[in-house]
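So the chains spell out like this:
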Amino acid sequence: MGVRTQRQVVDYALRRRSLLAQLHAGRVGVTEVCDAGPYLLQAARFHGESSDVVCPVCRKERLTYVSWVFGEELKHADNSARSNAELARMATMFEEFNVFVVEVCRTCNWNHLVQSYVLGTGGRHGRGRGRRTAAE
């Protein structure tokens, strides 16, 4: 789930823990948290990375991590699921884009945002957008 150039990392473990506590206390229904849509489930199947974490709701299957990418510079790749290998390659090609990692259970449709971070060259060694000087 990690690429070396991650920055501005946000971990959503506390929010996840709180939601699961509400679920187990009966304040939130299973249908409210097990609502992964067909597109997310398909992305989990074809682009997801398997984990060792068992689903906290159904406890029948290990969760799959799906990484979604967003960024103006990505053009056609914006708002799409990508594998870790693709993320590593993209991190060297684009200046900056956001990654949102969602855990998905393909059995009960549990899904939750796990982490978000920024990837990219940060202006180094990437395709520059600005003008170049004669010295460059």
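Above this text is the structure in question.
Residues numbered from 1 in each chain as written. Predicted model: local features only at pLDDT ≥ 70, side-chain atom pairs only at ≥ 80, totals over all residues. Heavy atoms only, no water.

## Topic: the pattern of salt bridges
Applied cut-off: Should a side-chain nitrogen of Lys or Arg be within 4 Å of a carboxyl oxygen of Asp or Glu, the pair is scored as a salt bridge. Runs of E in the DSSP output that reach at least two residues are strands. Runs of H or I that reach at least four are helices, and both are numbered from the N terminus. Think of it in three bands: residues with accessible area under 20% of the maximum for their type are buried, residues over 50% are exposed, and the middle band is partly exposed, with areas taken using a 1.4 Å probe on protein chains only.
All chains considered together, the criterion is met by three salt bridges. As a salt-bridge pair, R62 and D52 come within 3.4 Å of each other at their nearest N and O atoms. Here D52 lies in strand 2 (residues 49-54) and R62 lies in strand 3 (residues 62-70), a separation of 10 residues in the sequence. R62 sits in the partly exposed class, given a relative accessible area of 49%. Residue classification places D52 among the exposed residues on the basis of a relative accessible area of 68%.

## Considering helix 1 (residues 13-24)
What counts here: To estimate how far a helix should extend, the number of its residues minus one is multiplied by 1.5 Å. Taken from the helix axis, the directions to the C-beta atoms give the arc we talk about. Residue contacts are counted whenever heavy atoms from the two residues lie within 4.5 Å of one another.
Over its 12 residues, helix 1 runs 16 Å from end to end, which matches the ideal 16 Å to within 8%, given 1.5 Å per residue. When we look at burial in helix 1, the residues that qualify are R16, L20 and L23. All buried residues of helix 1 lie within an arc of 55° about the axis, which places them on one face of the element. When the buried face of helix 1 is taken as reference, the exposed residues oriented beyond 90 degrees from it are L14, R15 and R17. Looking at the buried side of helix 1, the elements it contacts are helix 2 (30-33), strand 2, strand 3, strand 5 (97-104) and strand 6 (111-119). Of the residues trailing helix 1, G26 is marked for its positive phi of about 85°.

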